Amino acid sequence: MPGPGMELIGEEEKRELLEVIESGYLFRYGSPDNPAFKAKVYQLEQQVARLVGVSYAVAVNSGTSALLAALSGLGVGPGDEVIVPGYTFIASISSVIYARAIPILAEVDRTLNLDPQDVLRKITPRTKAILPVHMLGNPARMDELKAIASQHGLLLLEDCAQAFGASYKGKGVGSIGDAGIYSFNIYKTITSGDGGMVGTNNKEVYGRVFGLHDQGHNPMRVGVEVGQRPFVGLDLRMTELTAAVLLAQLRKVDGMLARLRANKRRFKAIIADLSGLEFREITDPEGECATLLTVFLPGEEIARKIASALGTKVVADSGWHVYSNMEQILEKRTITPEGCPFTCPYYKGGQVDYRKGMLPQTDDLLSRAINISIGVSDPGLGSAFGVTIHDNDDTIDACAELFHRTAKAYL
Ligand SMILES: Cc1ncc(COP(=O)(O)O)c(C=O)c1O
């Protein structure tokens, strides 16, 4: 069971996709004079920028590519440290390593997002950026993080891979920091199987992101050479096929979020009276995606018993979303043996150590947290228990009552 977007794939996506297939033109660049060229990627960039409230957007082939492009676009590189939460998908950390910078792991708090107090403790003269991740559809404490970033002269890159469509105090996630990234993989709000996007209000950053995503070309490129290429780039481009599916998905976002939010409120109300159970702190209940409902139990043992009785896991055991399960990060297993960026002479921070137990607050919270699916059932998120966006009120009530009965037996 993937995310809500995949559950809603239907005629609209088929129509958009057929338009591209029938035109026979699948590439993101084309001439406006060519009737076969439908400019789906361009339209998607414009529409996403409008929806999230940024001036510029660049479509890419995954959220991981978006992270790499955004970090490089912001100028993060050798010698820099980037503060990332210890609870995130591995790409938020691996992309920093591929930008040849050093990820510095920080605690999450009861929002399950970056803890501003720990961010303050982790800042060094080498810190270049803070990378909050809006985990499980919920914005991080952006007011506090933005204030810290501006007081310390740091960049703020929002990883909104899991929170497309969410907002924080009226602002779309990804529009608050210096740049934001989105993912369209199968577990995300909207999906095309894979895909990603970078958003920013900074024209210069946009130019650099665009160049990185396409061999150094500048953003005016429509398939023809335009001027000099200021640096070496890659090919992270999105195809017209991917964008066609996403354009159809985009039209479903509002309805999808309204339904998820209503379903989550319903589920939550049924289990709210359980004494000893607490809900994850939500920074902006109006703006959350509501794809998941996370509860904290009073202790690890009881949480494990309840999770196991429900056929799911505590969040601490949910694979690659928890730093202590990322063996390739803990052991700094780089692709080539010289160990770049950890051995980089530009890096003046000495030996970087990652180890299990290094984030005790995160470990404690995740060991007694259970994720309940409202619209995303992902074994990697530990949300094997819950409902889908298709479920009706009766099914939601039955599932919530089952949770209630099971938890009550242990509480
Ligand atoms: C928080 C977070 N960041 C980045 C990514 C990477 O996105 P993608 O899988 O599209 O590369 C994901 C994907 O799961 C994610 O959850």
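Parameters at a glance
Residues numbered from 1 in each chain as written. Predicted model: local features only at pLDDT ≥ 70, side-chain atom pairs only at ≥ 80, totals over all residues. Heavy atoms only, no water. Helix = DSSP H or I, 4+ residues; strand = E, 2+ residues; numbered from the N terminus. Expected span 1.5 Å × (residues − 1). Buried < 20%, exposed > 50% of the residue type's maximum accessible area, 1.4 Å probe, protein only. Arc of directions from axis to C-beta. Contact = heavy atoms within 4.5 Å. Polar contact = N/O pair within 3.5 Å; in protein donor to acceptor, adjacent residues only side chain to side chain. Phe/Tyr/Trp six-rings, centres within 6.5 Å; stacked < 30°, edge-to-face > 60°. Lys NZ or Arg CZ within 6 Å of the ring centre and 35° of its normal. Near = heavy atom within 4 Å. Areas by Shrake-Rupley, 256 points an atom, 1.4 Å probe, with all protein chains shown as cover. Nonpolar A, V, L, I, M, F, W, Y, C, P; charged D, E, K, R; others polar. Core = buried A, V, L, I, M, F, W, Y, C linked by side-chain atoms within 4.5 Å. Salt bridge = Lys/Arg side-chain N within 4 Å of Asp/Glu carboxyl O. Patch = residues over 30% accessible without salt bridge, like charges linked within 9 Å, V, L, I, M, F, W, Y side chains within 5 Å. Axes fitted to C-alpha atoms, helices over the stretch in contact; angles between N-to-C directions. Parallel < 35°, antiparallel > 145°, perpendicular 65-115°, else oblique. Left-handed = near helix turned anticlockwise from the far one by under 90°. Pairing = 2+ DSSP bridges.

**Q** What am I meant to see in helix α10 (residues 253–271) here?
**A** Note that an α-helix has 3.6 residues per turn; residues three or four places apart therefore point the same way. Here α10 is 19 residues long and its end C-alpha atoms lie 27 Å apart, about the 27 Å a rise of 1.5 Å per residue gives. When α10 is considered as a whole, its buried residues turn out to be Val-253, Met-256, Leu-257, Leu-260, Asn-263, Lys-264, Phe-267 and Ile-271. End-on, the buried residues of α10 take up no more than an arc of 135°, which puts them together on one face. Projecting away from the buried face of α10 at angles above 90 degrees are the exposed residues Asp-254, Arg-265 and Ala-269. Structurally, α10 contributes buried residues whose contacts are with α1 (4–7), α9 (240–250), β10 (278–279), β11 (292–296), β12 (369–373) and α14 (393–410).

**Q** What is the right way to look at the side chain of Asp-159 in this model?
**A** Relative to the helices and strands, Asp-159 is located in strand β5 (residues 155–159). In this structure the side chain of Asp-159 is engaged in a polar contact, spanning 2.9 Å, whose partner is the side chain of Ser-92. For Asp-159, the side chain forms a polar contact with the main-chain nitrogen of Ala-161, separated by 3.0 Å.

**Q** Looking at this structure, I do not really get the packing of aromatic side chains. What am I missing?
**A** For any two aromatic rings, the description comes down to two numbers: the centre-to-centre distance and the angle of the planes. A full pass over the atoms with the stated rule returns eight aromatic pairs. Note on Phe-27 and Tyr-29: the rings are 5.4 Å apart at their centroids and 85° apart in plane angle, and the pair reads as edge-to-face. Grouping aromatic residues by their ring pairs yields a cluster made of Tyr-56, Tyr-206 and Phe-210. Across from the ring centre of Phe-279, 4.9 Å away, lies the NZ or CZ of Lys-268, which sits over that ring. Directly above the aromatic system of Phe-342 lies the positively charged group of Lys-332, at a separation of 5.6 Å from the ring centroid.

**Q** Got a minute to help me understand the site of the ligand in this structure?
**A** As a matter of local geometry, the ligand sits amid 16 residues, with Gly-63, Thr-64, Asp-159, Ser-183 and Lys-188 nearest to it. Separating an oxygen atom of the ligand from a backbone N or O atom of Gly-63 is a distance of 2.7 Å. Here the ligand loses 94% of its free accessible area of 390 Å² to cover by the protein chains. Only α4 (63–74) and α5 (91–98) provide two or more residues apiece to the shell around the ligand. Its residues assigned to classes, the shell around the ligand shows five nonpolar, nine polar and two charged.

**Q** Can you walk me through the nonpolar core in this structure?
**A** A general tendency of soluble globular proteins is for nonpolar side chains to be buried together. Core analysis: the largest hydrophobic core is formed by 132 residues, its most contacted members being Phe-267, Ile-271 and Phe-403. Top contributing element to this core by residue count: α4, with seven residues. Every residue in contact with Phe-403, bar those within four places of it in the chain, is listed here: Phe-267, Ile-271, Leu-274, Leu-277, Val-295, Leu-310, Ile-372 and Phe-385.

**Q** Could you clarify how one ought to interpret the pattern of salt bridges in this entry?
**A** As a working rule, side chains carrying opposite charge can pair if their charged atoms are close by. In this structure the tally under the stated criterion is 26 salt bridges. Among the salt bridges present, the one from Lys-14 reaches Glu-11, with a minimum N-O distance of 3.1 Å. A residue pair is termed a helical-turn pair when its members lie 3 or 4 positions apart in one helix, as Lys-14 and Glu-11 do in helix α2 (residues 11–23) at three residues. Classification of Lys-14 by relative accessible area gives partly exposed; the value is 48%. Note on Glu-11: relative accessible area 46%, which makes it partly exposed. Glu-281 serves as the salt-bridge partner of Arg-141, at 2.9 Å between the closest nitrogen and oxygen. Of this pair, Arg-141 sits in the loop between β4 (127–130) and α7 (142–152) while Glu-281 sits in the loop between β10 and β11, and the two are 140 residues apart along the sequence. Classification of Glu-281 as partly exposed rests on a relative accessible area of 33%.

**Q** Before we go on, may I ask you to explain a nonpolar patch on the surface in this structure?
**A** Residues Leu-18, Ile-21 and Leu-26 make up a contiguous nonpolar surface patch of roughly 250 Å² in combined accessible area. On the secondary structure map, Leu-18 appears in helix α2. With a relative accessible area of 41%, Leu-18 lands in the partly exposed category.

**Q** Would you explain the side chain of Asn-263 in this entry?
**A** Secondary-structure assignment places Asn-263 in helix α10. Residue Asn-263 is classed as buried on the basis of its relative accessible area of 8%. Discounting residues that sit within four places of it in the chain, Asn-263 has contacts with Ile-374, Ile-389, Asp-391 and Ile-396.

**Q** Would you take a moment to explain the packing of α4 against α5 for this structure?
**A** When two helices pack together, their arrangement is given by the angle between the helix axes and by the axis-to-axis distance. Across the interface, α4 lies against α5 with an axial gap of 9 Å and an inter-helix angle of 45°. Taken together, the axes of α4 and α5 lie oblique to each other. Helix-helix and strand crossings are classified by hand; for α4 and α5 the assignment is right-handed. For the pair formed by α4 and α5, the contact residues are Thr-64, Leu-67, Leu-68 and Leu-71 on the first element and Ala-91, Ser-92, Ser-95, Val-96 and Tyr-98 on the second. Looking at the contact of α4 with α5, its residues break down into six nonpolar, three polar and no charged.

**Q** For this particular structure, what's the right way to read the sheet that holds strand β2 (residues 81–85)?
**A** The pairing of strands in a sheet comes from backbone hydrogen bonds and takes either a parallel or an antiparallel form. Across the sheet, seven strands lie side by side as β1-β9-β8-β5-β4-β2-β3; this open sheet has mixed pairing. Each having just a single partner strand, β1 (56–60) and β3 (102–106) make up the two edges of the open sheet. Adjacent strand axes in the sheet meet at a mean angle of 25° when their direction is disregarded. Sheet analysis places β5 next to strand β8 (residues 179–183), joined by three bridges and oriented parallel. The partner of Asp-159 across the bridge, within β8, is Ile-181. α7 rests against β4 and β5 of the sheet, and its axis sits at about 150° to β5.

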